[in-house]
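Examination of the molecular architecture
Listed here are the chains, written in short residue letters.
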Amino acid sequence: QVQLVESGGGLVQTGGSLRLSCAASGRTFSRYAMGWFRQAPGKEREFVAVITWSGGNTYYADSVKGRFTSSRDNAKRTVYLQMNSLKAEDTAVYYCASGNPPVQAMSVTSWYDLWGQGTQVTVSS
């Protein structure tokens, strides 16, 4: 079965940290870029970060740059999102996604064809 399963979400205070994980099964994990997106209530899903298939390149939304770090372990078929210095505005459901977008479209949701179910991150002020 082809799927992505996120974990690691939860409730944290402002300034705290969380690490999200996304485990893949059913496809050749190492051939795909892995993206992170988030969706807050009443808002559209937005790009957070992406890591290329080799892990050699990462790209971040301006809102999380310097605070979030994406990494991957292809042997474990898992991608991670380390989130530090969390803010109330980071509260959202976080999704991982798999795809092969071109560099200029790595933040575009339609380029990702496999999505996880999401994990809730709540930052309390």
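Let us look at the structure shown here. (Residues numbered from 1 in each chain as written. Predicted model: local features only at pLDDT ≥ 70, side-chain atom pairs only at ≥ 80, totals over all residues. Heavy atoms only, no water.)

**Thoughts on the packing of aromatic side chains**
- Tallied over the entire structure, the rule returns four aromatic pairs.
- The interplanar angle of 75° and the centroid separation of 5.2 Å between the aromatic rings of Phe37 and Tyr112 together place this pair among those described as edge-to-face. Here Tyr112 lies in strand E10 (residues 112–115) and Phe37 lies in strand E4 (residues 33–39), a separation of 75 residues in the sequence.
- The class for Tyr112 is buried, based on a relative accessible area of 4%.
- Through a chain of ring-to-ring contacts, three or more aromatic side chains come together here, namely Phe37, Phe47, Tyr112 and Trp115.
- Above the face of the Tyr95 ring, Arg45 is positioned so that its terminal group lies 3.7 Å from the ring centre.
- Cation over ring: Arg72 sits above Phe29, and NZ or CZ is 4.4 Å from the ring centre. (Phe/Tyr/Trp six-rings, centres within 6.5 Å; stacked < 30°, edge-to-face > 60°. Helix = DSSP H or I, 4+ residues; strand = E, 2+ residues; numbered from the N terminus. Buried < 20%, exposed > 50% of the residue type's maximum accessible area, 1.4 Å probe, protein only. Lys NZ or Arg CZ within 6 Å of the ring centre and 35° of its normal.)

**Quick notes on the sheet that holds strand E1 (residues 3–7)**
- An order of E1-E3-E8-E7 is seen for the four strands of this open sheet, with the pairing classed as antiparallel. The outermost strands of the open sheet, each flanked by one partner alone, are E1 and strand E7 (68–73). Direction aside, neighbouring strands of the sheet carry axes that sit 15° apart on average.
- Where E1 lies against strand E3 (residues 18–25), five bridges are found, and the strand directions are antiparallel. Bridge pairing links Leu4 to Ala24 in E3. (Pairing = 2+ DSSP bridges. Axes fitted to C-alpha atoms, helices over the stretch in contact; angles between N-to-C directions.)

By themselves these figures say nothing about function.
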